There are 2 protein chains.
Amino acid sequence: MGNVSTAAVTPPVDGRWRSSLRVHTFSIGDTIWMEPERIWLVSRGVVLLNLLHPDGEEVVVGLATPGTAFGLPLTSLMAYQAKALSKTELMLFTLVEVESSPNLTQSLVRGLARRLRQAEGLLGITSHRRVEERLRHLLLLLKQEIGEPHPLGTRYSVRLTHQQLATAIGTSRVTMTRLLGKLRQERWLTYDRDRHVILMNTAES
Amino acid sequence: MGNVSTAAVTPPVDGRWRSSLRVHTFSIGDTIWMEPERIWLVSRGVVLLNLLHPDGEEVVVGLATPGTAFGLPLTSLMAYQAKALSKTELMLFTLVEVESSPNLTQSLVRGLARRLRQAEGLLGITSHRRVEERLRHLLLLLKQEIGEPHPLGTRYSVRLTHQQLATAIGTSRVTMTRLLGKLRQERWLTYDRDRHVILMNTAES
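Procedures and definitions
- Along each chain, residues carry numbers from 1 onward, in the same order as the chain's sequence is written.
- In the order they appear in the text, chains get letters beginning with A and ligands get numbers beginning with 1.
- Per-residue local features of the predicted model are confined to residues with pLDDT of at least 70, and side-chain atom pairs are confined, for both listing and counting, to 80 or more; whole-chain, interface and lining totals are unaffected and use all residues.
- Where side-chain values are given, they derive from all heavy atoms of the structure, hydrogens and water being excluded.
- For helices the rule is a DSSP run of H or I covering at least 4 residues; for strands it is a run of E covering at least 2, with both sets numbered from the N terminus onward.
- Each residue gets one of three labels from its accessible area relative to the maximum for its type: buried under 20%, exposed over 50%, partly exposed in between, using a 1.4 Å probe on protein chains only.
- Working definition of accessibility: Shrake-Rupley area with a 1.4 Å probe, residue cover restricted to the visible protein chains.
- Least-squares superposition aligns the copies on the C-alpha atoms of those residues with pLDDT at or above 70 in both.
- Any pair of residues with heavy atoms lying within 4.5 Å of one another is described as a contacting pair.
- The pairing criterion for strands is at least two bridges between them, as found by DSSP.
- Each salt bridge in this description consists of a side-chain nitrogen of Lys or Arg and a carboxyl oxygen of Asp or Glu lying within 4 Å of one another.
- Under this definition, polar contacts are N or O atom pairs within 3.5 Å; protein pairs additionally need one hydrogen-donor-capable and one acceptor-capable atom, and for neighbouring residues in sequence, both atoms have to be side-chain atoms.
- The quantity reported as buried area is the accessible area (1.4 Å probe) lost by two parts once they are put together, taken as the sum for both.
- Each residue is assigned to one of three groups, with Ala, Val, Leu, Ile, Met, Phe, Trp, Tyr, Cys and Pro labelled nonpolar, Asp, Glu, Lys and Arg labelled charged, and all others, Gly among them, labelled polar.
- A residue's pLDDT is the confidence the predictor assigns to it, expressed on a 0 to 100 scale.

Colleague: I keep staring at the overall build of chain A and nothing clicks. Help me out?
Modeller: Assigned secondary structure in chain A consists of five helices and twelve strands. Evaluated residue by residue, chain A yields a buried proportion of 60% over its 205 residues. Summed over all atoms, the accessible surface of chain A reaches about 8,900 Å², with 52% contributed by carbon and sulfur.

Structure follows, in structure tokens:
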């Protein structure tokens, strides 16, 4: 997997699909609505996918980046929520539309393969015993997904809170804050003025 | 998601793809080789997908059932292993072959969507605090994936060891054996003579 930025990518579909009914934009923090039998294709930006726990906690289960898709037909989770982590542009399709267009189907295959790789990566992370190991692996996985070149190393194109990072690896916000402090002291990572993580060039990959 | 059995399904591809170079069969317990740039499409049987940990443990990260695909282009895990859980029939394709055939691409979209739903289901499970809750959710997820009708409820078409179930939810074999004993006493599940799990009709879903 190469790096992706959140800048606009060539939309995976040609012009005739770009009607105003289909294309929607969202701002940072917006919750993205979902419909049965319809999927969203991301053309710009990053979307955070959460599982809502009965206790109110939002557990991060994925990130949808340009070229990938998400939606109710693509999840088995009941309490599923999508939030824009940046300014995003999304296109809404029915499954029938996707399956009737070779162009769309091919985009979707690549986008689903990418999300599957991400989900397996997250499953692999939860199998590490030590929380610190889990965090290092998570940060390297995110580098693949939302990393963009920076003079010091790789900068995340969106900001994730300590709470979000914590739920992605099953730990508490307090532990996350302590561990990130440790990694920062080790000069494994730093932050820019917008509080986006920068993984230093010295971070092993 | 409906139930799938391990009986042969209509292969997702038409006759011209079924050359002897492409179709391979495996027996229970066989390790399935994988090649860079090539994916396996499952036409019959169930394949267990493991992450091999440095400490030698095999951590279950997925099951590939008929109509779904797996292979190195579809994973981000370095130490990835696939094992046949039943007699399986698989077909080997390059990504270029898949993308040049609308028929194959459509099958792959459905198969990838199914695996993505499974992976998100597993990610959701690891977010439950109590091990017993994780196990109940895992057993219900497996019901969707490998369940087939049985007079007492739903029978798993393949046998999973306590160790395999344990690694899928991050617990020990000893704890798994104890919890399965508890669920059996509650008549939530039982076993048939081949030691396949049967989820009783009373198991809430």
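Colleague: Could you clarify how one ought to interpret the relation of the copies chain A and chain B in this entry?
Modeller: A rotation about an axis combined with a shift along that same axis relates the two copies of the chain. Of the transformation superimposing chain A on chain B, the axial component is 0.0 Å and the angular component is 180°, with the fit at an RMSD of 0.0 Å. What the rotation and shift describe, once combined, is the action of a two-fold rotation axis. When the interface residues of chain A are mapped onto chain B, 100% of them again fall at the interface, so both copies present the same face.

Colleague: Looking at this structure, how should I read the environment of Ser-27 of chain B?
Modeller: Residues and elements named next belong to chain B. Mapped onto the secondary structure, Ser-27 falls in the loop between strand 1 (23–26) and strand 2 (31–32). Given the relative accessible area of 40%, Ser-27 is considered partly exposed. Each C-alpha atom of the pair Ser-27 and Leu-152 lies 28 Å from the other, and the pair is 125 residues apart in sequence. Setting aside its immediate chain neighbours within four residues, Ser-27 contacts Ala-84 and Ser-86.

Colleague: I tried to follow the pairing of strand 12 (residues 197–200) of chain A on my own but got confused; where do I start?
Modeller: Residues in a regular strand project their side chains so that they alternate between the two faces of the sheet. Residues and elements named next belong to chain A. With burial as the criterion, each face of strand 12 is covered, one bearing Val-197 and Leu-199 and the other bearing Ile-198 and Met-200. The pairing of strand 10 (residues 153–156) with strand 12 spans three bridges and is classified as antiparallel. Residue Gly-153 lies in a different strand from strand 12, and its bridge partner there is Met-200. Judged from the three bridges that link them, strand 11 (residues 189–191) and strand 12 form a sheet pairing that is antiparallel. Across the sheet, residue Tyr-191 finds its bridge partner in strand 12, namely Val-197. If you look at the hairpin formed by strand 11 and strand 12, you'll find five residues sitting between the two strands, and Arg-195 has a positive phi there, around 65°.

Colleague: I would appreciate a short explanation of the pattern of salt bridges in the present structure.
Modeller: Pairing is possible between side chains of opposite charge, provided their charged atoms come close. Residue and element names in this part refer to chain A. In total, this model carries 30 salt bridges over all chains according to the counting rule given. In this structure, the salt-bridge partner of Asp-194 is Arg-155, at a minimum N-O distance of 3.8 Å. Of this pair, Asp-194 sits in the loop between strand 11 and strand 12 while Arg-155 sits in strand 10, placing them 39 residues apart in sequence. Judged by its relative accessible area of 47%, Asp-194 is partly exposed. Overlapping salt bridges bring together Arg-130, Glu-132, Arg-136, Lys-182 and Glu-186 as one network.

Colleague: I keep staring at the environment of Arg-155 of chain A and nothing clicks. Help me out?
Modeller: Residue and element names in this part refer to chain A. We classify Arg-155 as buried; its relative accessible area is 15%. Spatially, the C-alpha atom of Arg-155 lies 8.3 Å from that of Asp-192, the residues being 37 residues apart in sequence. If sequence neighbours within four positions are ignored, Arg-155 has contacts with Ile-146, Gly-147, Glu-148, His-150, Asp-192, Asp-194, His-196, Val-197 and Ile-198. For Arg-155, the side chain forms a polar contact with the side chain of His-196, separated by 3.4 Å.

Colleague: What is the right way to read the interface of chain A and chain B from this model?
Modeller: Many descriptions give the size of an interface as the accessible area lost when the pieces come together. Taken together, the contact between chain A and chain B spans 34 residues of the former and 34 residues of the latter. The junction of chain A with chain B conceals about 3,100 Å² of combined surface from both sides, 63% of it contributed by carbon and sulfur atoms. Ranking the residues of chain A by area buried against chain B places Leu-116, Glu-120 and Leu-123 of chain A at the top, with a combined share of 22%. Across the chain A-chain B interface, the total number found is six salt bridges. Where Arg-110 of chain B meets Glu-99 of chain A, a salt bridge forms, and the shortest distance between an N and an O atom there is 3.1 Å. Our enumeration of links across chain A and chain B arrives at 18 residue pairs in polar contact (both at pLDDT 80 or more). Going through the elements one at a time, strand 4 (47–52), strand 5 (58–64) and helix 2 (102–126) of chain A are the ones with two or more residues in the side of chain A that touches chain B. Sorting elements by how many residues they give to the side of chain A that touches chain B places helix 2 of chain A first, with 17 residues. Its residues assigned to classes, the side of chain A that touches chain B comprises 17 nonpolar, ten polar and seven charged.

Colleague: How should I be thinking about the confidence of the model for chain A in this particular structure?
Modeller: Keep in mind that low pLDDT regions are not for reading the predicted coordinates in detail. Residue and element names in this part refer to chain A. For chain A, per-residue confidence averages 87 on the pLDDT scale, and 89% of positions sit at 70 or higher. Within the model, the stretch residues 1–11 combines pLDDT values under 50 with 30 contacts to residues more than four positions away or in other chains. Under the prediction, the complex receives an ipTM of 0.86, its pTM being 0.88.

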